Amino acid sequence: GAVVSQHPSWVICKSGTSVKIECRSLDFQATTMFWYRQFPKQSLMLMATSNEGSKATYEQGVEKDKFLINHASLTLSTLTVTSAHPEDSSFYICSARGVLAGGYNEQFFGPGTRLTVL
Amino acid sequence: KNEVEQSPQNLTAQEGEFITINCSYSVGISALHWLQQHPGGGIVSLFMLSSGKKKHGRLIATINIQEKHSSLHITASHPRDSAVYICAVIQGAQKLVFGQGTRLTINP
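Residues numbered from 1 in each chain as written. Chains lettered and ligands numbered in written order. Predicted model: local features only at pLDDT ≥ 70, side-chain atom pairs only at ≥ 80, totals over all residues. Heavy atoms only, no water.

Asks: How should the overall build of chain B be read in this particular structure?
Replies: What chain B contains, in helices and strands, is zero helices and eleven strands. Seen in sequence order, chain B has helices and strands lined up from the N terminus as β-β-β-β-β-β-β-β-β-β-β. Taken over C-alpha atoms, the radius of gyration comes to 13 Å for chain B, in line with the 13 Å a tight globule of 108 residues would show. Reported as C-alpha extents along the three principal axes, the dimensions of chain B are approximately 40 × 25 × 25 Å. Across the 108 residues in chain B, those meeting the buried criterion constitute 44%. Sequence-distant contacts in chain B: of pairs separated by 6 or more residues, those separated by 24 or more amount to 54%. Summed over its atoms, the accessible surface of chain B is roughly 5,100 Å², and 50% of this surface lies on carbon and sulfur atoms. If you average the places of the 9 positive and of the 6 negative side-chain charges in chain B, the two averages end up 7 Å apart. (Helix = DSSP H or I, 4+ residues; strand = E, 2+ residues; numbered from the N terminus. Rg over C-alpha atoms; globule rule 2.2 N^0.38 Å. Buried < 20%, exposed > 50% of the residue type's maximum accessible area, 1.4 Å probe, protein only. Contact = heavy atoms within 4.5 Å. Areas by Shrake-Rupley, 256 points an atom, 1.4 Å probe, with all protein chains shown as cover. Lys, Arg positive; Asp, Glu negative; His and termini not counted. Charge placed at Lys NZ, Arg CZ, Asp CG, Glu CD.)

Asks: In this structure, what is going on with the state of the cysteines? I would like to understand it.
Replies: Note on terminology: disulfide describes a covalent bond linking the sulfur atoms of two cysteines. For the structure shown, the criterion picks out two disulfides over all chains. Cys23 of chain A shares a disulfide with Cys94 of chain A; S-S distance 1.9 Å. Residues Cys23 of chain A and Cys94 of chain A share a disulfide whose torsion about the S-S bond is about 70°; that sign makes it right-handed. Of this pair, Cys23 of chain A sits in strand 3 (residues 19-25) while Cys94 of chain A sits in strand 9 (residues 90-99), and the two are 71 residues apart along the sequence. Here Cys23 of chain A and Cys94 of chain A have matching classes, each one buried. Here Cys23 of chain B engages in a disulfide with Cys87 of chain B; their sulfurs sit 1.9 Å apart. An S-S torsion of about -60° defines the bridge between Cys23 of chain B and Cys87 of chain B as left-handed. Here Cys23 of chain B, found in strand 3 (residues 19-25), pairs with Cys87 of chain B, found in strand 9 (residues 83-91); they are 64 residues apart in sequence, far enough to count as distant. What makes Cys87 of chain B buried here is its relative accessible area of 0%. With no disulfide partner, Cys13 of chain A has as its closest neighbouring cysteine sulfur the one in Cys94 of chain A, 19 Å distant. Taking the relative accessible area as the measure of exposure, Cys13 of chain A reaches 10% and is therefore buried. (Disulfide = S-S within 2.5 Å.)

Asks: Just checking my understanding: could you explain the side chain of Asp81 of chain B for this structure?
Replies: All names here are of chain B. Relative to the elements of secondary structure, Asp81 occurs in the loop between strand 8 (69-74) and strand 9. Owing to a relative accessible area of 6%, Asp81 belongs among the buried residues under this scheme. Each residue touching Asp81, except ones within four places of it in the same chain, is listed here: Gln36, Arg58, Ile74, Leu104 and Ile106.

On their own, these measurements won't tell you what the molecule is for.
This is the structure:
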């Protein structure tokens, strides 16, 4: 099946630094990518939706200047957490949607990136 | 009340038992996902369905659009099935609305 990868799988950084997380669709072209955040024992919360070549659409309450999303190609989206603070520590998951062989529009999830801000 | 409700929230069973996890939703949807999240965090999409029934190995998913209800069944459950199972509905063109998840533990 289609695969979505994320890099890094985990990162620890100091407060005030910026962290970039990459999300790649490995064997299909992702017309839309989604970024989610998940706190312990809670469900996924959608942060933003990005379409290739256009600006991301952020959910209410998500600061677009703090969580920069770039979807430069049909296989790559990046999320940059700028000036990270301990409260940004979370599990970040990307998801990619595209049309696979057979014409089916499906959505696949990446393995997630655990961010810890000290 | 959440738009997507799952039951039970926690389920513990013995290896070999037949497992059912339920999902009810209150909004119009175009399709529904069943997702599996292991303790490491990674999410795997098990099924996406918009009508009827799908089967993959020991897993079966059904959906009743009129009743706004879906079920995930696991036959001959195994400890490796232990995970959080999440129901997510697709609203509109692409927005996913997630249930709170069902934590399944299968004891040997």
